[in-house]
Amino acid sequence: MPILQPIGRTFLAFIETVGRLSLFAAISTSHCMRPPFYPRLLLRQMVEIGYYSLPVVGLTAIFTGMVLALQSYTGFARFSAESAIPNVVIVSITRELGPVLAGLMVAGRVGAAMAAEIGTMRVTEQIDALDTLATNPFKYLVAPRLLAGITMLPLLVLTADIIGVFGGYIVSIFKLGFNPSLYIKNTWDFMEAIDVISGLVKASVFGFLVTLMGCYHGYNSRGGAQGVGSATTNAVVSGSVLILSSNYLITELFFAR
Amino acid sequence: MSPGFPAVAGDTRGAAEPTGHGARQTPRIRIRDLYKAFGVKEVLRGLDLDVGAGESVVVIGGSGSGKSVTLKCVLGLLQPEAGSIQVDGEEVVGLGGDSLEQVRRKFGMLFQNAALFDSLPVWENVAFGLTQGQGMGRREARAIAIDRLAAVGLEPEVGDMWPAELSGGMRKRVGLARAIATSPEIMFFDEPTTGLDPIMGDVIDALIVKCVHELGATALSITHDMASARRIADRIAMLYEGKIIWAGPTAEIDHSNNPYVDQFIHGRAEGPITMMANA
């Protein structure tokens, strides 16, 4: 049946990609755990991911917290439930918005940059040069990026949580007329360790996925500038989709009853 | 070993010094019946080639004839579908992991566009095989890198420049310095003069001959530049349609009596070699 052929072809291509990606992830992860390690490269990647992403993640977090407080107020005012705003802000930010938005921002900034850098190295034979210089590209290029993503995303999210809650606080106090000490007390009382921990676990997984996608698409890019451009786009899109889908799975894992 | 290039850690050259024309000895590189295809396109179709110890062999051939693929198969960057590649008697087809890395420690490679690492200054590029491959300290590696830069005619100040600041000729020189930094036993040159003006091409060729001679290394080069091939080769092999169709000493290439070779070395459009529009 002619109509089944393209469906079958697409399905097989999907299975092939999943298999290739799984193999890439397995090899990369194994190289994260085996020497030699490259501490200088790891430090450079940690600075690149953690420090240089701070402004964009901070801005995202503060405005998200501010909007969240404002929207919650306009909604909750209908039921005279304005006092729940600190609770909504802290739960939303720590459980969901902090990790997801930080992950998406890092996917756009870092995932794209990784795909472009490694992709350029691929098409200009720099990765082949690494091989001929008896240096494993997985160990030298991929492992430091994965480790940096896994460790730095939770720190970024922790910072985003604080900034996001602060954003909600600013709007609640200066625009909505909340009592500052009461707002902080409510926030503190309502916050549970599992909210923050689940967000940090998500962040670590997102960090792995974003850097994995950046490295995978860059490493497998072909065909010059156009190939590098496609790798960059694919890294951001696949990284973002994986963040959103894995977010559901982790939420299910932590909070499903 | 030449006094010009002091040995560095990992140099495993033994008592058998290259003779300069070692074709009669056990070949350092022995390729037999090599097949490589990309999808339906067969690039190599039963390629045989020997490179003797201390010998400089140049593989010539048109664009898309499989020269680079041959080199990448020997380096283990591509896996052939069938055939055998032996380096010092050790089979490298199917080799992976640490075993392949050990074989690669014998190699030095000059890439077509030098393939310098953009994120590292020149001296770190040159010293890369020493610092990352052999674990040498940065101070010692830098001294060797500056020495190798001098060997290819570059000032020590170039060591602190970035690859993006270099001209094409300088990039080739730095690539050559990186290739010789670990005093490799076997050197590969991928289109060493492509993209250079004739004078710079001659300079690079002279440097290649000098470096290979001083290292006592075995060299395998690929090019379609006949002037370059004549300068650097002890022996030339012509690749056509995935096979070596002629091989012999450089001096004999003008009397090969092979119409394919004659057409190629004289650069004639007419002859048995037909260029496809999409080749």
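Calculation rules
Residues numbered from 1 in each chain as written. Chains lettered and ligands numbered in written order. Predicted model: local features only at pLDDT ≥ 70, side-chain atom pairs only at ≥ 80, totals over all residues. Domains from an automatic or database assignment. Contact = placed C-beta atoms within 7 Å. Helix = DSSP H or I, 4+ residues; strand = E, 2+ residues; numbered from the N terminus. Nonpolar A, V, L, I, M, F, W, Y, C, P; charged D, E, K, R; others polar. Pairing = 2+ DSSP bridges. Axes fitted to C-alpha atoms, helices over the stretch in contact; angles between N-to-C directions. Buried ≥ 20, exposed ≤ 12 C-beta atoms within 10 Å, placed from the backbone. Parallel < 35°, antiparallel > 145°, perpendicular 65-115°, else oblique.

Q: So, the domain arrangement of chain B: which residues are in play, and what are the values?
A: All names here are of chain B. Per the domain assignment, the segments making up chain B are domain 1 (19-106 + 186-279) and domain 2 (115-183). Domain 1 and domain 2 are separated by 25 Å when their C-alpha centres are compared. Taken together, the contacts link 11 residues of domain 1 with 11 residues of domain 2. At 6 residues, the largest contribution of residues to the side of domain 1 that touches domain 2 is made by helix 7 (residues 198-215). Partitioning the side of domain 1 that touches domain 2 into residue classes produces 9 nonpolar, 1 polar and 1 charged.

Q: Tell me about the interface of chain A and chain B, residues and numbers included.
A: In this assembly, 11 residues from chain A lie in contact with 15 residues from chain B. Taken together, the residues of the side of chain A that touches chain B sort by class into 4 nonpolar, 4 polar and 3 charged.

Q: Residues and numbers for the sheet that holds strand 3 (residues 56-60) of chain B, please.
A: Residue and element names in this part refer to chain B. With mixed pairing, the 6 strands of this open sheet are ordered in space as 6-7-8-3-9-10. With one partner strand each, in any of the chains shown, strand 6 (107-110) and strand 10 (243-249) form the two edges of the open sheet. Each strand of the sheet is rotated relative to its neighbour by a mean of 15°, with strand direction disregarded. As paired elements, strand 3 and strand 9 (residues 235-240) share 4 bridges and run parallel to each other. Of the residues in strand 9, the one forming a bridge with Val58 is Ile236.

Q: Account for the pairing of strand 9 of chain B, naming residues and giving values.
A: Looking along a regular strand, one sees the side chains alternate between the two faces of the sheet. Residue and element names in this part refer to chain B. Counted residue by residue, strand 9 has 5 buried out of 6 residues, so it is predominantly covered. In this sheet, strand 10 lies alongside strand 9 in antiparallel orientation, the contact comprising 6 bridges. Bridging from a neighbouring strand, Ala237 pairs with Ala247 of strand 10. Between strand 9 and strand 10, which pair antiparallel in sequence order, lie 2 residues; one of them, Glu241, sits at a positive phi of approximately 50°.

Q: I'd like a description of the sheet that holds strand 2 (residues 41-51) of chain B, backed by residues and values.
A: Across a sheet, paired strands are connected by hydrogen bonds in the backbone, their directions being either parallel or antiparallel. One open sheet holds the 4 strands; their spatial order is 2-1-4-5 (chain B), and the pairing between them is antiparallel. Two strands bound the open sheet, and with one partner strand each, they are strand 2 and strand 5 (90-91) of chain B.

Q: Outline the packing of helix 1 (residues 4-33) of chain A against helix 6 (residues 137-174) of chain A, listing residues and values.
A: Residue and element names in this part refer to chain A. Interaxial distance between helix 1 and helix 6 falls to 9 Å at its minimum, and their mutual angle equals 85°. Taken together, the axis directions place helix 1 and helix 6 in an arrangement best described as roughly perpendicular. In this structure, helix 1 contributes Ile27, Ser28, His31 and Cys32 to the contact, and helix 6 contributes Phe138, Lys139, Val142, Ala143, Leu146 and Leu147. Each residue belonging to the contact of helix 1 with helix 6 can be placed in one class, and the counts come to 7 nonpolar, 2 polar and 1 charged.

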